[in-house]
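# A structural walkthrough
In case you want the letters, here they are:
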Amino acid sequence: PTAWQLKLDPLDEGTAREWFKRPDDVKGFADIHVPGPWESAGFTEANPNYQYPEGVTEKLKIPYDGFAWYKAEFTPPVAWKGRAVFFASGRIDDNDWTYVNGELVGKTTFDENPQAYAVDRRYTIPEALLKFGQKNSLVIRVFDKWGTGGVMAPVSIEPDKSILVDSWSPYIDGLDLYDVDAFHNW
């Protein structure tokens, strides 16, 4: 996914199904560059409904804190049908709930890992959820406890690497992907 949008949700009242069923509804959404903190993109208003945990220093009170929603579209190639497909990302600060076509495919939260903000994400996307060769909806609900928040690393939708088994190189042993131009343009 390359074209991302973000919507702040200070009351935590949105749902992934809401935006999956109405993908053209952009009310309240704004374009945002991923990766990077939402504060760097200008989303800096304080959340009047958010209460910081006791003892948080002023240095960590960098608005916006609370819940927000990212959305984007992606088109998995028909050639991926029958292969495992994954959502992959580095850090998402702090917690995420990731949905494809309105269905939860994975989450990383403080309940599972107290250092959720530092964990790379890799979630299997069930084949039954995907529309190969067509646009699919990716929605990520993010919670930021304090400091900067958002999708902090590149996001990809990728196939199981075994899809590259048929690619080989006569020049280098163990190379999974043979790029003809890389060798013949010398």
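Look above for the structure.
Below is a summary of the structure that appears in this document.

With that out of the way, let us pick up the side chain of arginine 141. Structurally, arginine 141 can be placed in strand β9 (residues 136-144). A relative accessible area of 14% means that arginine 141 is categorised as buried. Of note is the side chain of arginine 141, whose polar atom sits 2.8 Å from the side chain of aspartate 12. Look past the residues within four positions of arginine 141 in its chain and what remains in contact with it is Asp12, Phe67, Ala68, Trp69, Asn95, Asp96, Trp97 and Tyr99.

Here we come to the sheet that holds strand β4 (residues 85-89). Pairing between the strands of a sheet comes from backbone hydrogen bonds, and it takes one of two forms, parallel or antiparallel. If you trace the three strands from one edge of the open sheet to the other, you get β8-β4-β11, paired in antiparallel fashion. The outermost strands of the open sheet, each flanked by one partner alone, are β8 (121-125) and β11 (155-159). Each adjacent strand pair in this sheet contributes to an overall mean axis angle of 25 degrees, direction not counted. Pairing of β4 with β11 involves five bridges; the strand directions are antiparallel. Its bridge partner being in β11, phenylalanine 86 is matched across the sheet by glutamate 158.

Turning to the pattern of salt bridges, a few remarks are in order. All chains considered together, the criterion is met by six salt bridges. Ionic pairing is found between aspartate 12 and arginine 141, a salt bridge with its closest N-O pair at 2.8 Å. Here arginine 141 lies in strand β9 and aspartate 12 lies in the loop between β1 (4-9) and α1 (16-21), a separation of 129 residues in the sequence. Looking at aspartate 12, the relative accessible area reads 31%, which means it is partly exposed. Close ionic contact of lysine 135 with glutamate 73 constitutes a salt bridge, the shortest N to O distance being 3.7 Å. With a gap of 62 residues between them, lysine 135 in the loop between β8 and β9 and glutamate 73 in strand β3 (residues 66-74) connect regions that are remote in the sequence. Taking the relative accessible area as the measure of exposure, lysine 135 reaches 55% and is therefore exposed.

For the rest of this paragraph, the subject is the side chain of aspartate 144. Here aspartate 144 lies in strand β9. With no salt bridge to any partner, buried aspartate 144 finds its closest opposite charge in arginine 91, at an N-O distance of 8.5 Å. Other than its neighbours up to four places away in sequence, aspartate 144 contacts Trp38, Glu39, Tyr50, Tyr64, Asp65, Gly66, Asp93, Asp94 and Gly149.

Next up on the list: unusual backbone geometry. The phi angle of most residues is negative, glycine excepted, and most peptide bonds adopt the trans form. The omega torsion of the bond from proline 63 to tyrosine 64 falls at 15 degrees, within 30 degrees of zero and hence cis. Position of tyrosine 64 relative to the elements: it lies in the loop between β2 (30-32) and β3. Here the bond from aspartate 93 into aspartate 94 is cis, since omega is 10 degrees, no more than 30 degrees from zero. Looking at the secondary structure, you find aspartate 94 in the loop between β5 (92-93) and β6 (95-100). Located in the positive-phi region is aspartate 12, a residue other than glycine, with phi close to 50 degrees.

About the criteria used
- Residues numbered from 1 in each chain as written.
- Predicted model: local features only at pLDDT ≥ 70, side-chain atom pairs only at ≥ 80, totals over all residues.
- Heavy atoms only, no water.
- Helix = DSSP H or I, 4+ residues; strand = E, 2+ residues; numbered from the N terminus.
- Buried < 20%, exposed > 50% of the residue type's maximum accessible area, 1.4 Å probe, protein only.
- Polar contact = N/O pair within 3.5 Å; in protein donor to acceptor, adjacent residues only side chain to side chain.
- Contact = heavy atoms within 4.5 Å.
- Pairing = 2+ DSSP bridges.
- Axes fitted to C-alpha atoms, helices over the stretch in contact; angles between N-to-C directions.
- Salt bridge = Lys/Arg side-chain N within 4 Å of Asp/Glu carboxyl O.
- Lys, Arg positive; Asp, Glu negative; His and termini not counted.

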